[in-house]
Amino acid sequence: MIGRLNHVAIAVPDVEAAAAVYRDSLGATVSAPVALGEHGVTVVFVDMPNSKIELMEPLGADSPIAAFLERNPAGGVHHVCFEVADLGAAVERLRSTGARIIGRGEPKIGAHGKPVVFLHPKYFLGTLVELEEA
Ligand code: CO
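Residues numbered from 1 in each chain as written. Predicted model: local features only at pLDDT ≥ 70, side-chain atom pairs only at ≥ 80, totals over all residues. Heavy atoms only, no water.

Examining the environment of His78
The criterion, for reference: Helix and strand definitions follow DSSP, with helices as H or I runs of at least four residues and strands as E runs of at least two, each counted in order from the N terminus.
Tracing the chain through its elements places His78 in strand β6 (residues 76-84). Taking the C-alpha atoms as reference, His78 lies 9.0 Å from Val129; in sequence the two are 51 residues apart.

Observations regarding the packing of aromatic side chains
Applicable threshold: Two rings from Phe, Tyr or Trp (for Trp, the six-membered ring) form a pair when their centres sit within 6.5 Å of each other. Planes less than 30 degrees apart are called stacked, planes more than 60 degrees apart edge-to-face, and all others tilted. Here's how the labels work: a residue is buried when its accessible area is under 20% of the maximum for its type, exposed when over 50%, partly exposed in between, all with a 1.4 Å probe on protein chains only.
Going through the model one piece at a time under the given rule, you end up with one aromatic pair. Residues Tyr123 and Phe124 carry aromatic rings whose centres are separated by 4.9 Å and whose planes lie at 70° to one another, so their mutual orientation is edge-to-face. Among the residues examined, Tyr123 registers a relative accessible area of 34% and is labelled partly exposed.

As for the coordination of the cobalt ion
Convention followed: Donor atoms: N, O and S within 2.8 Å of the metal, or within 3.2 Å for Na, K and Ca. Because water is excluded, sites can look incomplete.
Each protein donor to the cobalt ion is listed here as His7 (NE2), His79 (NE2) and Glu130 (OE); together their distances run 2.0 to 2.1 Å. On the primary sequence, the residues serving as donors to the cobalt ion are separated as H-x71-H-x50-E. With His79 in strand β6 and Glu130 in strand β9 (residues 129-133), the pair connects residues that are 51 residues apart, well separated along the chain. When its relative accessible area of 5% is taken as the criterion, His79 is described as buried. Residue classification places Glu130 among the buried positions, given a relative accessible area of 5%.

Side note on helix α1 (residues 15-26)
Rule in force here: A helix is expected to reach a length of 1.5 Å times the quantity of its residues less one. Contact definition: two residues touch when any of their heavy atoms are within 4.5 Å. Contacts described as polar in this section are N or O atom pairs within 3.5 Å, which, within protein, must combine one atom able to donate a hydrogen with one able to accept it, while residues neighboring in sequence count only if both atoms come from side chains.
With 12 residues, α1 extends 16 Å between its outermost C-alpha atoms, agreeing within 8% with the 16 Å of an ideal straight helix rising 1.5 Å per residue. Restricting attention to buried positions, one finds in α1 the residues Val15, Ala18, Ala19, Ala20 and Tyr22. As for α1, its buried residues are in contact with β1 (5-11), β2 (29-30), β4 (41-47) and β5 (52-58). Capping the start of α1 is the job of one residue whose side-chain oxygen sits 3.0 Å from the backbone nitrogen of Glu16: Asp14. Positive phi shows up at Gly27, right after α1, with a value of about 70°.

Let's talk about the pairing of β6
Threshold: Only when DSSP finds a minimum of two bridges between them are two strands counted as paired.
Taken across its nine residues, β6 has seven buried, putting it largely inside the fold. Two strands pair when backbone bridges link them, and β1 and β6 are joined in this way by six bridges, in the antiparallel orientation. The residue bridging Val8 from the neighbouring strand is Val80, located in β6. Bridge count between β6 and β9: five bridges; the pairing is parallel. Residue Val84 lies in a different strand from β9, and its bridge partner there is Glu133.

Considering the side chain of Thr42
Mapped onto the elements of the fold, Thr42 is located in strand β4. Note on Thr42: relative accessible area 13%, which makes it buried. If we skip the residues at most four places from it in the chain, Thr42 touches Val15, Pro33, Val34, Ala35, Leu55, Met56, Glu57 and Leu59.

This is the structure we're talking about:
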């Protein structure tokens, strides 16, 4: 069921400064910042041959990553995203194994315009997991 690692998302206090670290110290190709108002984050995409890193800075008062950054002021890994071919089938399987899905398990449109669900870090070994229908 689980497919490719789509991205690792890292919450940071300053996305431009974070992008400069990846660009200058690691030689990475980084995008310009993209404001995703609906999702409460400004994102820089770091292109890698086999996946992506998404650097996310809070945007607006109700940013979903604000509390995370309060706990991790220097930034930190926020979630990992795996691709699945069929999100409905994935949710069914997760439910059947007792996995915890955040919310009701109804897919929402994620930051890339594709359906996603988030899986609870208490069940997934301390890691917030995003599943995206590829
Ligand atoms: Co994500």
